[in-house]
Amino acid sequence: MIKHDLTVLLAEAARRAQAQGKLPHTALPEVLLEHPPRSEHGDYASSLPLKLSRAARMNPMAIAEAIASCLPPTDFLARAEAAPPGFINLNLKDQWLAKQVEDILDQGDNYGSISLGHGERVQVEFVSVNPTGPLHVGHGRGAVLGSTLARVLGIAGYEVQKEYYLNDAGNQIDSFYRTLYSRYCQALGQKMEVPADGYVGAYMVDLAREIVAEVADRFLSLPQVEATQELGQMGLKRIVDAIREDLERLGVTFDQWFSENSLYETGQFKESLGILREKGFVEERDGAIWFTSTALGEDKDNVIIRSNGSPTYFASDIAYHSNKFISRGFQRVINIWGADHMGHVSRMKAVVGALGVDPERLRVILVQMVALRRGKAVIKVSKRTGEMITLRELMDEVGVDACRFFFLARSADSQMDFDLALAKRHSAENPVYYVQYAHARIASILTLARERSLDCEQGDVSLLNHPAEMALVRKMLLLPELVETAALTLEPHHLTYYAQDLATTFHAFYKQCRVVSRYPRDLPLSQARLKLVAAAKVALANTLKLMGMTSPERM
RNA sequence: GCGCCCGUAGCGCAAUCGGAUAGCGCGUUGGCCUCCGAAGCCAAAGGUUGCGAGUUCGAAUCUCGCCGGGCGUACCA
């Protein structure tokens, strides 16, 4: 990556300046490059002189000049200038930039890949919604964020495993089973109340009807406990299948669906509890088993096994994380949770530490809530009350691509207001079409060139020097840097802004530079520009692919 | 009460480490299709970055105090 080459070059120049006595021998801070907001300030700039000024007791401008004078000539750097109050501005050579077009074409689908991760094994666990009802709009946000992040980490050189943690044990499943039983009986005309803690959503009525359609009244003759259990499992499977279907439609797939229940069946839970006990973090009190997190600086202790003998959700999570880190050996684990799980974060980190794993290896991304409105009316989303807008409805309404783009365009820590009344109208104005239009436009240029039998293999990219051409190359070269940033900060929302930027730069180029010309004298330039356009298609398509969106050839 | 997140143009949101004149989309106003897609381009208007102090050569960004919104603070998940 050119940015890294420049970073190294600058650091060397600073050391050379010290060796030559132009700079005092103070410790050098890490060299950081940025893209100046104004293009006159170069392709990259460093504020190193400003940071060095105090320790070196020198005027920052003098430092900038000293370092700039020690930069060796290279085939990519056109010039380095000291700029007030003490920046070093770096400009790339047009000829070098033009040559990158061929480099991008050579890389093709791999363009954007970097080796940041060095094959480190990372798990991204996301969605993991309780399988007690359909996915709603809010879940879509975590699904899109997680799947995009997994793609970004993959292209950044990590070995990524995507996982859905299936909460198929515990209270909520029990309640789901009992609700389903009651709805099943009702569907068959029996008098039966929905449990007080049950799921009152209409989808449970539909689910019961579906099951009746399949098995009729077979379960009525069974003892209630047995019927509830069997019926529940049937219903659970249907719900999970529906969740899986919705996610697939959204472009979200998993390498593994991990069953919470299996943690108890395989003895993983006992094992991890044993580790904690051994290390002295387990205590019995008031008839319950506690994790003594206060000993690790937490505000309070947490119950692992209730006094009635049933394990808590936290208990499962202890075993689950032990499984992730110790049994399966992931070097890093990224959990994407809703903001309502915030209270869970620090105790999970404490548990991971207690298990003997560096808590830094666990990263939790909290996705802020999606507040639903219909016009001015706030819709309270709750599976309990059953009022919700499903993800499926949203996808029907605005389409998958717009859906993904919309969720992705906001950073995880900003709350989102989703107005359904405006959803459809907004989808037509969504920047997603702006980006995809650029791709379709490129495709049609390339088609036209093919129809006119233009051989762009012959194109000589050194003919490229128009400012709009150079701007487009520069923008394309940002993709690997963007991947790096997104992978390091775990913030894939930057992709949406980059995609728009790239599209804008392309549209501007298109307006200013004729690609396919009717005049024979333009042939060499046409061929060169076709290469540029083909490279732009690669960059744009790869960006869209990272976001899980389609790259239409026409629209 | 305490803890975490957020507050940026009319609306929705960006701003990679503290960097140079804070950007993008929608909306508003005006212009641009006689060789490649106007779902486009160009231009204009629109900001005391919630308020007030502090640190710094430099603050949307860091610190402190207020104000407003969200979430958490269960033997729920």
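Residues numbered from 1 in each chain as written. Chains lettered and ligands numbered in written order. Predicted model: local features only at pLDDT ≥ 70, side-chain atom pairs only at ≥ 80, totals over all residues. Heavy atoms only, no water.

## Considering the overall build of chain A
Looking only at helices and strands, chain A features 20 helices and 15 strands. Dimensions of chain A, computed from the C-alpha atoms along their principal axes, are close to 85 × 60 × 45 Å. Counting every position in chain A, which comprises 555 residues, the buried fraction comes to 53%. Considering only residue pairs separated by 6 or more positions, chain A has 75% of its internal contacts joining residues 24 or more positions apart. Accessible surface for chain A amounts to roughly 25,400 Å². Of this, 50% is attributable to carbon and sulfur atoms. Between the mean site of the 62 positive side-chain charges and the mean site of the 67 negative ones, chain A shows a separation of 5 Å. (Helix = DSSP H or I, 4+ residues; strand = E, 2+ residues; numbered from the N terminus. Buried < 20%, exposed > 50% of the residue type's maximum accessible area, 1.4 Å probe, protein only. Contact = heavy atoms within 4.5 Å. Areas by Shrake-Rupley, 256 points an atom, 1.4 Å probe, with all protein chains shown as cover. Lys, Arg positive; Asp, Glu negative; His and termini not counted. Charge placed at Lys NZ, Arg CZ, Asp CG, Glu CD.)

## A closer look at helix H14 (residues 400-408)
For H14, a buried count of eight out of nine residues is recorded, marking the element as mostly surrounded by other parts of the structure. Within the sequence span of H14, burial applies to Asp 401, Ala 402, Cys 403, Arg 404, Phe 405, Phe 406, Phe 407 and Leu 408.

## A closer look at the domain arrangement of chain A
We note that the domain assignment places domain 1 (2-92) and domain 2 (428-546) within chain A. For domain 1 and domain 2, the distance between their C-alpha centroids amounts to 31 Å. Opposite the seven residues of domain 1 that make contact, domain 2 presents four residues. Remark: the boundary between domain 1 and domain 2 carries one salt bridge. Seen at the junction of domain 1 and domain 2, the total is four residue pairs in polar contact (both at pLDDT 80 or more). A total of three residues in the side of domain 1 that touches domain 2 trace back to one element, the largest contributor, which is helix H1 (residues 2-19). When the residues that make up the side of domain 1 that touches domain 2 are grouped by side-chain class, the tally is three nonpolar, two polar and two charged. (Domains from an automatic or database assignment. Salt bridge = Lys/Arg side-chain N within 4 Å of Asp/Glu carboxyl O. Polar contact = N/O pair within 3.5 Å; in protein donor to acceptor, adjacent residues only side chain to side chain. Nonpolar A, V, L, I, M, F, W, Y, C, P; charged D, E, K, R; others polar.)

## Observations concerning the packing of helix H6 (residues 171-187) against helix H7 (residues 202-215)
Closest axis-to-axis distance for the H6/H7 pair is 8 Å, and the angle between their directions is 65 degrees. Seen from above, H6 lies across H7 with right-handed handedness. Contacts from Phe 176, Thr 179, Leu 180, Arg 183, Tyr 184 and Ala 187 of H6 reach H7 at Met 204, Val 205, Leu 207, Ala 208, Arg 209, Ile 211, Val 212 and Val 215. Here the residues of the contact of H6 with H7 sort into 11 nonpolar, one polar and two charged. (Axes fitted to C-alpha atoms, helices over the stretch in contact; angles between N-to-C directions. Left-handed = near helix turned anticlockwise from the far one by under 90°.)

## With respect to the packing of H6 against helix H8 (residues 224-249)
Where H6 meets H8, the axes come as close as 8 Å, and the angle between the chain directions of the two elements is 105 degrees. By the criterion of interaxial angle, the relationship of H6 to H8 is roughly perpendicular. Here Ile 173, Phe 176, Tyr 177, Arg 178, Leu 180, Tyr 181 and Tyr 184 of H6 lie close against H8, whose contacting residues are Gln 224, Ala 227, Thr 228, Gln 229, Leu 231, Gly 232, Gln 233, Gly 235, Leu 236 and Ile 239. Looking at the contact of H6 with H8 residue by residue, the class counts come to 10 nonpolar, six polar and one charged. (Parallel < 35°, antiparallel > 145°, perpendicular 65-115°, else oblique.)

## What about the sheet that holds strand E8 (residues 282-285)?
Ordered by their spatial adjacency, three strands build an open sheet running E8-E9-E10, and the pairing between neighbours is antiparallel. With partners counted over all chains shown, the strands left at the sheet margins are E8 and strand E10 (302-305), one partner each. Adjacent strand axes in the sheet meet at a mean angle of 45 degrees when their direction is disregarded. Pairing of E8 with strand E9 (residues 288-291) involves four bridges; the strand directions are antiparallel. Considered in E9, the bridge of Arg 285 is made with Ala 288. (Pairing = 2+ DSSP bridges.)

## Re the layout of surface pockets
Over the atoms, a rolled probe matching the size of one water molecule traces out where space is still vacant. Approximately 670 Å³ is the volume attributed to the second largest pocket. Put simply, the parts of the chain that give the lining of the second largest pocket at least two residues each are H1, strand E1 (33-34), strand E4 (87-92), helix H17 (467-476), helix H18 (478-489) and helix H19 (494-512). Its residues assigned to classes, the lining of the second largest pocket shows 11 nonpolar, six polar and seven charged. (1 Å grid on protein atoms, 1.4 Å probe; cavity = no way out; pocket = protein on both sides within 12 Å on 5 of 7 lines; lining within 4 Å. Points joined across faces, edges and corners; volume = space filled by probe spheres on them.)

## A closer look at the protein's contact with RNA strand B
Close to RNA strand B lie 67 residues; Arg 38, Arg 306, Arg 410, Arg 441 and Tyr 497 are nearest. When the atoms of RNA strand B within 4 Å of the protein are sorted by group, sugar and phosphate make up 58%. A distance of 2.3 Å separates a phosphate oxygen of RNA strand B from a polar atom in the side chain of Arg 441. Ranked by the residues each element gives to the surface near RNA strand B, the list is headed by helix H16 (residues 431-451), at eight residues. Residues that form the surface near RNA strand B fall into these classes: 27 nonpolar, 22 polar and 18 charged. (Near = heavy atom within 4 Å.)

## Quick notes on the confidence of the model for chain A
The pLDDT averaged across chain A works out to 92; a share of 96% of its residues lies at or above 70. Interface scoring of the predicted complex returns ipTM 0.95; its pTM is 0.94. (pLDDT = per-residue confidence, 0-100.)

## Details of the environment of Lys 3
As for its position among the elements, Lys 3 is in helix H1. With 477 residues separating them in the primary sequence, Lys 3 and Pro 480 have C-alpha atoms 9.8 Å apart.

## Structural notes on the pattern of salt bridges
In the structure shown here, the tally under the stated rule is 21 salt bridges. Between Arg 238 and Glu 214 there is a salt bridge whose closest N-O contact spans 2.1 Å. Of this pair, Arg 238 sits in helix H8 while Glu 214 sits in helix H7, placing them 24 residues apart in sequence. Its relative accessible area of 25% is what places Arg 238 among the partly exposed residues. Among the ionic pairs, Asp 501 bridges to Lys 475, the shortest N-O distance being 3.2 Å. With Asp 501 in helix H19 and Lys 475 in helix H17, this pair connects stretches of sequence that are 26 residues apart. On the basis of relative accessible area, Asp 501 is assigned to the partly exposed category, the value being 36%. Because the salt bridges share partners, they merge into one network encompassing Asp 174, Arg 178 and Asp 197.

## Focus on H1
In a regular helix each residue adds 1.5 Å, so 18 residues correspond to 26 Å; H1 covers 26 Å between its end C-alpha atoms and thus fits that length. Of the residues making up H1, those classed as buried are Ile 2, Lys 3, Leu 6, Leu 9, Leu 10, Ala 11, Ala 13, Ala 14, Ala 17 and Gln 18. The positive-phi residue at the C-terminal boundary of H1 is Gly 21, with phi of around 80 degrees. (Expected span 1.5 Å × (residues − 1).)

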